Structures are given as structure tokens and as C-alpha cells.
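An overview of the molecular structure
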Amino acid sequence: MIIAIDGPAASGKGTLARRIASHFHLAHLDTGSLYRAVARDIRRHGGSLEDASEAAEMARRLDAETLSDPGLRDPGVGDAASIVAKFPEVREALHEFQRDFALQKSGAVLDGRDIGSVVLPDAHVKIFVVADVEVRARRRYSELLTRGEPVTFEGVLQSIKGRDDRDMNRSTSPMKPAADAHLLDTTKLDIEAAFDAAVRLITRKIGQQGCP
Ligand code: CDP
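Right, let's walk through the structure included here. (Residues numbered from 1 in each chain as written. Predicted model: local features only at pLDDT ≥ 70, side-chain atom pairs only at ≥ 80, totals over all residues. Heavy atoms only, no water.)

Some words on the pattern of salt bridges
Definition in use: Basic side-chain nitrogens of Lys or Arg form a salt bridge, by our definition, when they fall within 4 Å of a carboxyl oxygen of Asp or Glu. Each helix corresponds to a stretch of at least 4 residues labelled H or I by DSSP, and each strand to a stretch of at least 2 residues labelled E; elements are numbered beginning at the N terminus.
The final tally for this structure, using the stated rule, is 17 salt bridges. One salt bridge connects Glu 50 with Lys 86, and the closest N-O pair in it is separated by 2.8 Å. One end of the pair, Glu 50, is in the loop between α2 (32-44) and α3 (52-60); the other, Lys 86, is in the loop between α4 (77-84) and α5 (88-102), and 36 residues separate them in sequence. Close ionic contact of Asp 79 with Arg 163 constitutes a salt bridge, the shortest N to O distance being 3.6 Å. Here Asp 79, found in helix α4, pairs with Arg 163, found in helix α8 (residues 153-169); they are 84 residues apart in sequence, far enough to count as distant.

Some words on helix α9 (residues 191-209)
As a reminder, the rule being used: In this scheme, a helix's expected span is set at 1.5 Å multiplied by one less than its residue total. The cut-offs for exposure are 20% and 50% of the maximum accessible area for each residue type, with area from a 1.4 Å probe on protein chains only; residues under the lower value are buried, those over the upper are exposed, and the others partly exposed. Whether two residues touch is decided by their heavy atoms; if any such pair falls within 4.5 Å, the residues are in contact.
Compared with the 27 Å implied by 1.5 Å per residue over 19 residues, the 27 Å span of α9 between its first and last C-alpha is a close match. Inspection of α9 places Ala 194, Phe 195, Ala 197, Ala 198, Val 199, Leu 201, Ile 202, Lys 205 and Ile 206 among the buried residues, and these make up the whole buried set. Buried residues along α9 sit in contact with β1 (2-6), α1 (13-24), β4 (125-130) and β5 (182-185).

Quick word on the nonpolar core
What counts here: To qualify as a nonpolar core, a set must consist of buried Ala, Val, Leu, Ile, Met, Phe, Trp, Tyr and Cys residues joined through side-chain atoms within 4.5 Å.
In terms of nonpolar packing, the biggest core is built from 22 residues, with Tyr 35, Val 38, Ile 42, Leu 49, Val 84, Val 90 and Leu 94 touching the most fellow members. At the level of secondary structure, the elements contributing two or more residues to this core comprise α2, α3, α4 and α5. Element by element, the count of residues in this core is highest for α2, at six residues. Setting aside anything within four residues of it in sequence, one finds Tyr 35 in contact with Ala 81, Val 84, Ala 85, Val 90, Arg 91, Leu 94 and Gln 98.

Things to note about a negative patch on the surface
Short version of the rule: Here a patch means residues that are over 30% exposed by relative accessible area and free of salt bridges, tied together within 9 Å if like-charged and within 5 Å if nonpolar (Val, Leu, Ile, Met, Phe, Trp, Tyr). In this description, accessible areas are obtained by the Shrake-Rupley approach with a 1.4 Å probe, and a residue is regarded as covered only by the protein chains that are shown. For this count, His and the chain ends are skipped, Lys and Arg are scored as positive, and Asp and Glu as negative. Where a charge sits is defined by one atom per residue type, namely NZ (Lys), CZ (Arg), CG (Asp) or CD (Glu).
On the surface, a cluster of negative charge is contributed by Asp 132, Glu 134, Glu 154 and Asp 185. Here Asp 185 lies in strand β5.

Here's the deal with the packing of α4 against α8
Describing two packed helices takes the angle between their axes plus the distance from one axis to the other. As a reminder, the rule being used: Each axis is a line fitted through C-alpha atoms, and for a helix only the stretch in contact is used; angles between axes span 0 to 180 degrees, taken between their N-to-C directions. Working definition: roughly parallel below 35 degrees, roughly antiparallel above 145 degrees, roughly perpendicular at 65 to 115 degrees, and oblique for all remaining angles. Handedness of a helix crossing follows the sense of rotation of the near helix relative to the far helix, less than a right angle counterclockwise being left-handed and clockwise being right-handed.
Across the interface, α4 lies against α8 with an axial gap of 10 Å and an inter-helix angle of 15°. The angle between α4 and α8 falls in the class roughly parallel. Viewed along their axes, α4 and α8 form a crossing whose handedness is left-handed. Packed against α4, whose contacting residues are Gly 78, Asp 79, Ser 82 and Ile 83, the element α8 presents Ser 159, Arg 163, Arg 166 and Asp 167 at the interface.

Considerations on the sheet that holds strand β2 (residues 27-30)
Formally: Two strands qualify as a pair provided that DSSP identifies no fewer than 2 bridges between them.
Judged by pairing direction, the sheet is parallel, and its five strands sit side by side in the order β2-β3-β1-β4-β5 without closing on themselves. Single-partner strands in this sheet number two, and they are β2 and β5. This sheet shows a mean twist of 20° between the axes of neighbouring strands, independent of strand direction. Here β1 runs beside strand β3 (residues 108-112); their pairing, made up of five bridges, is parallel. From the neighbouring strand, Ile 2 faces β3, where its bridge partner is Ala 108.

Written out as C-alpha cells, the structure reads:
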């Protein structure tokens, strides 16, 4: 079984994807970590995030072993990721890795922005997670405060709005729900309620399709 979970920053899709993967015994890939890692590697080499060919080269050379680096969640890395993510060459370089991951025997859950629409249009279940921007900013603000990061709510809100704008308006693979995606609004749901709703949806869909 292959499940695609997409949605904007701090919508809850990452936590949801991890919980669903564990519940259904599927492998999980946070595809945002790929774009974050490309941005990290460019910065390490003192390069420019706006240089498409350098970004593509970093994407081609990406070491999958480094995707669990906690530094990928540092403030600012998400913004940097959304800059390199607009380049078609970067997306192309990361495409095969994501498809291969999805096609492994155990089945998989991938979360990102364009999984249901572009990377895995044939996924068995597609969920697009949304939530009000202020609620998303509040969640990300709490997460960063817990990590001891010196952030302000206003700064986090502006960063998320900027990222939404870049992710929705880029010309290659803009963030948007696939035509056959189920919308899940988590504005008023805690993680437990969102998880329950997603499991119900997946179970119903698998029952209809009869897929493994
Ligand atoms: O966790 P959060 O939602 O804040 O971000 P993320 O999923 O780690 O993604 C970071 C950035 O990578 C996004 O703002 C997108 O610009 C980009 N991204 C993308 O373009 N396509 C994906 N499938 C995943 C992430």
C-alpha cells in the first residue's frame, strides 16, 4: 500500500505520516527532509540558494544517510528549502529516490507537497492536510520554543506565510491537492483526532479498492 500525505508547513502532516506508517507497518519518508538537506549542503559549501545548477548538483549528490540530521529542523532551513525546491532540476534529481522508496515491498507513506499530485499520482490513498495559518504558526512556534530556539510568534507566522506563497506559486509542482485527494482540516483537531480521522479514511478506501 502506498499513501501520499501532502500539505503546507506545520499542518501536522509529518506527525500524521509517522503515526500512520507505524500503525499500518509501512516505511515512511519525509520528503521535505530531501529539500532541507539540499539547502543545508549548499550553505555548507558556501554556495548560493538561488543558483539552480549548483542546487541540482547538490541534489544529485545527496547522501540519504544524512536525512536524520536534527539540524534540518533548525529555523531558517525550511525557508531555504523552499527556495531550492522551486528549481525543476532539483525536483527532477530527487524524483527517482522518492519513487524507489515508495515502491519498496513493505509499502510506504510519503509526506510532502507534491506527492499525490506529481511524485505518486498512482498512490492508493492521498490525503491533503490543511489548517488555518495562525494555528499552524502557533504549532511551529511551540515546537521551536520547546527546542530552545530564540523565535517570536510574529517571525514564525511571517516565515510560514512566505513559504506558503513560494510553495503554492512556483511554476514546477506547486503545492495543491490532487484531484482525488481527501482534504483533512486539522485546525480544530489535535494529533489524536487527526490520526483517528486519517485511519478511518484509509481503512474505508482500502476496503473499497481491496489493495494490500
Ligand atoms: O515540515 P514543514 O512542513 O515545515 O516543511 P517540509 O515538509 O520539511 O518542507 C520544507 C520545504 O521543502 C517546503 O516548504 C517546500 O518548499 C519543499 N518541499 C517540496 O517542495 N516538495 C516536497 N515534496 C516536500 C517539501
